[in-house]
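Observations on chain architecture
Chain by chain, the residues:
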Amino acid sequence: MRSRLSDLVRQSQARMSAAAGAATDEGDLVELAGFGSDPGSVRMLAYLPEGLPHGAPLVVALHGCTQTAAGYATGSGWTALAEAGGFAVLLPEQRQANNANRCFNWFEPGDSTRGQGEVASIHSAIQHMVATRGIDPKRVFVTGLSAGGAMAANLLATYPEDFAAGAIIAGLPYGAASSMPEAFEAMASGRPRSAADWAALVRAASPHRGPWPRVSIWQGDADTTVRPVNGEQLARQWAALHGTTGAPVESGSGAHRAQAWRDAKGQVVLEHHIIAGMAHGVPLDTSGIGQAGPYFLQAGIGSTAAIAEFFGLPVEQPVRQPQGQARPAKGHTVIDQEGNRAEEPKAEEDFTLGGIKLGSIDPSGVIRKALTTAGLMKG
């Protein structure tokens, strides 16, 4: 029933979009009209710096639940970097008619299968920008937060030939869920499986057989919305795809720890960043790039600039490393979803789901928050 209703809504919106004709402006963003096949009925906005050169790179940036394209552009700082570095940004925006909380439907097979739904719409917009804006097809990248991060993982799996690299912030592996109940379970438990099984899901998602996009994973270790185990499962998925062997090289300590996997040529093909004490959101150093706000967290760590460097894009300011920040113990301060430091609630009971012990948390609160963030219930 849901799929039929969704299809009717999308067909109606597609007809309205076609009738609207020319693109419209939204601040510094330009709405793309007539970008091609749009089975997912996703609104597409872009940031195109003045004098964008032929052969410029493109970053696809996907917002999280309750967010908008314009809000994500400003909060993350991607448009500021694009202006300084001379590259384009494509900002897909979920329509509320598709999801009440504006979450990308990363857990719906009809939106996460090659040639269908939302992933197909975003692929169409990328191809449109390559064709009409002279984008270098070998320098297209994708990143996103939460539901946007999970959708970024879906795009890397379903259209790997589109991307040189991707970055997933508080997201989930491709194939982690194929229904609403599974989405909730994945957010809470990661639904762990073997690296080979994770990799097989990606290989089955497209006819592509490599080389695979490089991937950067970012996760707060105090995130109770999309639990850190999901970052670990993402790393397993992409390490297996890249065929890396041996333990990763570890760096950093305290507030920012990182792991890196290299290929046979010595290039970093996968990295996993863990931010101590950080809840659900994009880690920022707002003295450089980005603006703190809900789900844009002042952590003293500029993930946007770091991701741009991982992509090989120009970065105006160097990535600032945190100084003098100790990893908080349980019961001490954490960085919450609003970007503030807050007291971590006291443990109420140990909660186990799917055989995975999730720690001492309030299970009803986790259920409510997870379902709301996934777009499965209203807050």
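Up top is the structure these notes are about.
A brief look at the structure comes next. Note that this is a predicted model, so its numbers are computed, not measured.

Another point: the pairing of strand β8 (residues 214-220). Counting buried residues along β8, seven of its seven residues qualify, which places the element largely inside the surrounding structure. The two faces of β8 match: Arg214, Ser216, Trp218 and Gly220 on one face and Val215, Ile217 and Gln219 on the other face are all buried. Pairing of β8 with strand β11 (residues 268-275) involves six bridges; the strand directions are parallel. Of the residues in β11, the one forming a bridge with tryptophan 218 is histidine 273.

Here the focus is the state of the cysteines. Evaluated as defined, the whole model comprises one disulfide. The partner cysteine of cysteine 65 in its disulfide is cysteine 103, sulfur to sulfur 2.0 Å. Residues cysteine 65 and cysteine 103 share a disulfide whose torsion about the S-S bond is about 125°; that sign makes it right-handed. Here cysteine 65 is found in the loop between β4 (58-62) and α2 (69-76), whereas its partner cysteine 103 is found in the loop between β5 (88-93) and α4 (117-133), with 38 residues between them in sequence. For the pair cysteine 65 and cysteine 103, one class covers both residues: buried.

To continue, consider the nonpolar core. Ranked by size, the top nonpolar core spans 58 residues in total, and within it Leu58, Val60, Leu62, Leu90, Trp106, Phe163 and Trp238 carry the most contacts. If you tally residues by element for this core, the top one is helix α5 (residues 147-158), at eight residues. In this structure, valine 60 is in contact with Leu90, Pro92, Ile122, Ile126, Phe141, Val142, Thr143 and Phe163, ignoring residues within four places of it in sequence. Among the nonpolar cores identified, the runner-up in size contains 39 residues, and Ile289, Phe296, Ile307 and Ala308 belong to it.

Counted according to the given criterion, the structure contains seven aromatic pairs. Taking 5.7 Å as the distance between ring centres and 45° as the angle between the ring planes, the aromatic pair formed by tyrosine 72 and phenylalanine 296 counts as tilted. Taken together, the positions of tyrosine 72 in helix α2 and phenylalanine 296 in strand β13 (residues 296-298) put the pair 224 residues apart, joining distant regions of the chain. Of the two residues, tyrosine 72 and phenylalanine 296, neither departs from the other in class, the shared state being buried. Each ring, one from tryptophan 212 and one from tryptophan 238, has its centre 6.4 Å from the other, and the planes form 75°; the classification is edge-to-face.

Attention now moves to the packing of helix α7 (residues 195-203) against helix α8 (residues 229-242). When two helices pack together, their arrangement is given by the angle between their axes and by how far apart the axes lie. One way to put it is that α7 packs onto α8 with a least axis distance of 8 Å and a crossing angle of 70°. Comparing the axis directions of α7 and α8 gives the class roughly perpendicular. The segment α7 lies against α8, with Ala195, Trp198, Ala199, Val202 and Arg203 engaging Gln233, Arg236, Gln237, Trp238, Ala240 and Leu241. For the contact of α7 with α8, the per-class residue count stands at seven nonpolar, two polar and two charged.

In terms of burial, helix α9 (residues 303-311) is a largely internal element, eight of the nine residues being buried. Of the residues trailing α9, glycine 312 is marked for its positive phi of about 85°.

It is possible for side chains of opposite charge to pair when their charged atoms get near one another. Counted according to the given criterion, the structure contains six salt bridges. We note a salt bridge from arginine 191 to glutamate 182, for which the minimum N-O separation is 3.4 Å. Given a relative accessible area of 23%, glutamate 182 falls into the partly exposed group. Across the salt bridge formed by glutamate 185 and arginine 191, the nearest N and O atoms sit 3.6 Å from each other. Residue glutamate 185 is classed as partly exposed on the basis of its relative accessible area of 25%. Look at the salt bridges and you will find they share partners, linking Glu31, Arg43 and Glu93 into a network.

Turning next to the environment of glycine 254. Topologically, glycine 254 is positioned in the loop between β9 (249-253) and β10 (256-262). Each C-alpha atom of the pair glycine 254 and glycine 277 lies 9.8 Å from the other, and the pair is 23 residues apart in sequence.

Cut-offs and rules
- Residues numbered from 1 in each chain as written.
- Predicted model: local features only at pLDDT ≥ 70, side-chain atom pairs only at ≥ 80, totals over all residues.
- Heavy atoms only, no water.
- Buried < 20%, exposed > 50% of the residue type's maximum accessible area, 1.4 Å probe, protein only.
- Helix = DSSP H or I, 4+ residues; strand = E, 2+ residues; numbered from the N terminus.
- Pairing = 2+ DSSP bridges.
- Disulfide = S-S within 2.5 Å.
- Core = buried A, V, L, I, M, F, W, Y, C linked by side-chain atoms within 4.5 Å.
- Contact = heavy atoms within 4.5 Å.
- Phe/Tyr/Trp six-rings, centres within 6.5 Å; stacked < 30°, edge-to-face > 60°.
- Axes fitted to C-alpha atoms, helices over the stretch in contact; angles between N-to-C directions.
- Parallel < 35°, antiparallel > 145°, perpendicular 65-115°, else oblique.
- Nonpolar A, V, L, I, M, F, W, Y, C, P; charged D, E, K, R; others polar.
- Salt bridge = Lys/Arg side-chain N within 4 Å of Asp/Glu carboxyl O.

By themselves these figures say nothing about function.
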